[in-house]
Amino acid sequence: MRILLVEDEQKIANALKRGLEQEAYAVDVAYDGREGYGRALAGKYDVMILDRMLPGISDGLDIVRAIRKEGRHEPVLLLTARDATRDRVEGLDSGADDYLVKPFSFEELLARIRALLRRPEQTADTILTVGDLELQPDQFQVKRHGQMIELSRKEFALLEYLMRNQGRILSKDQIIAHVWDFDADILPNTVEAFVASLRQKIDRPFKEPLLHTVRGFGYKLAS
Ligand code: CA
């Protein structure tokens, strides 16, 4: 899952990026409103975390308003140093989905990101399933047929993206856009290599393959 983080305090921004990458998210950081605005409008993100107060022409509120005006629905979490009712209301009214007051704990940020990533039709329990394959995003756990499967962080991120889009054909470009960040120099055959290693672990030891190659289009996870 790919996250856009717009935060002008570099120390905070870099610490959050590192922490989120540890959790297998791909993270693009913008340090000012102008760059954040451009990135946000370009799309491609599964979640956006926007600092409310940003130097320059646009702050976090302007960015949310702009993407909502475009009719886009990506989940947005606002970060703010202020904790006044009026600010919360203004933030949520601008189209943000959630609001976190600084200083916050990293654990709480993670929990809120997971909540935002949950599709409305999914229940509160956070296990994703396809057939007998289960993935628990908050525990880094993958099981198939009750058996634990060890994955690398990138394999885990790839599988999570496939599971959240189960039944849909995903192109290599879509996969690159959601599993790797902007700075990663990823070629389509890198995706092939990761798919192959993932398939070794989640499909090879079991009877029914779940990860399907759709020739000329991409990949699909389905039972
Ligand atoms: Ca700020």
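Everything below is about the structure shown above.
Residues numbered from 1 in each chain as written. Predicted model: local features only at pLDDT ≥ 70, side-chain atom pairs only at ≥ 80, totals over all residues. Heavy atoms only, no water.

Colleague: Can you tell me about the coordination of the calcium ion, naming the residues and giving the values?
Modeller: With distances of 2.1 to 2.4 Å, the protein atoms coordinating the calcium ion are Asp8 (OD), Asp51 (OD) and Met53 (O). One chain supplies every donor to the calcium ion, and in sequence these donors are spaced D-x42-D-x1-M. (Donors = N, O, S within 2.8 Å, 3.2 Å for Na, K, Ca; no water.)

Colleague: An account of the layout of surface pockets is requested, with residue identities and associated values reported.
Modeller: Considered as a void within the structure, the second largest pocket measures approximately 230 Å³ in volume. Lining the second largest pocket we find 13 residues, and of these Arg2, Lys44, Ile176, Ala177 and Phe182 sit closest to its centre. Those elements that provide at least two residues to the lining of the second largest pocket are α2 (33–42) and α7 (172–179). Among the elements that line the lining of the second largest pocket, the one with the most residues is α7, at 3 residues. Residues that form the lining of the second largest pocket fall into these classes: 7 nonpolar, 1 polar and 5 charged. (1 Å grid on protein atoms, 1.4 Å probe; cavity = no way out; pocket = protein on both sides within 12 Å on 5 of 7 lines; lining within 4 Å. Points joined across faces, edges and corners; volume = space filled by probe spheres on them. Helix = DSSP H or I, 4+ residues; strand = E, 2+ residues; numbered from the N terminus. Nonpolar A, V, L, I, M, F, W, Y, C, P; charged D, E, K, R; others polar.)

Colleague: Residues and numbers for the pattern of salt bridges, please.
Modeller: Going through the model one piece at a time under the given rule, you end up with 19 salt bridges. Measuring nitrogen to oxygen at the nearest pair gives 3.9 Å for the salt bridge that ties Arg65 to Asp62. Separated by 3 residues within a single helix, Arg65 and Asp62 lie in helix α3 (residues 60–69), roughly one turn from each other. Using a relative accessible area of 38% as the deciding quantity, one classes Arg65 as partly exposed. Within the structure, one salt-bridge network assembled from shared partners comprises Glu7, Glu9, Asp51 and Lys102. (Salt bridge = Lys/Arg side-chain N within 4 Å of Asp/Glu carboxyl O. Buried < 20%, exposed > 50% of the residue type's maximum accessible area, 1.4 Å probe, protein only.)

Colleague: Mind laying out the sheet that holds strand β9 (residues 147–149), listing which residues take part and the relevant values?
Modeller: Here 4 strands make up an open sheet; going across it, the order is β6-β7-β8-β9 and the pairing antiparallel. Both edges of this open sheet fall to β6 (128–130) and β9, since each of them pairs with a single strand only. With strand direction ignored, the average angle separating the axes of adjacent strands in the sheet is 25°. Inspection of the sheet shows strand β7 (residues 133–136) paired to strand β8 (residues 141–144) by 4 bridges, in the antiparallel sense. Directly across from Glu134, in β8, lies its bridge partner Lys143. (Pairing = 2+ DSSP bridges. Axes fitted to C-alpha atoms, helices over the stretch in contact; angles between N-to-C directions.)

Colleague: I'd like a rundown of the pairing of strand β3 (residues 47–51), residues and numbers included.
Modeller: Of all the 5 residues making up β3, 5 are buried; the element is thus mostly covered by neighbouring parts of the structure. What you see with β3 is no split at all: Val47, Ile49 and Asp51 on one side and Met48 and Leu50 on the other are buried throughout. Bridging between strand β1 (residues 2–6) and β3 involves 4 bridges; their strand directions are parallel. Note that in β3 the partner of Ile3 across the bridge is Val47. Where β3 lies against strand β4 (residues 76–80), 4 bridges are found, and the strand directions are parallel. Each residue of the ladder has a partner; that of Ile49, found in β4, is Leu77.

Colleague: So what about the sheet that holds β4? Which residues, and what values?
Modeller: Across the sheet, which stays open at both edges, the 5 strands sit in the order β2-β1-β3-β4-β5 with parallel pairing between neighbours. Each edge of the open sheet is held by one strand with a lone partner, namely β2 (26–30) and β5 (98–101). Each strand axis lies, on average, 20° off the axis of its neighbour in the sheet, ignoring direction. For β4 and β5, the ladder comprises 4 bridges, and the chain directions are parallel. Bridge pairing in β5 places Leu78 opposite Tyr99.

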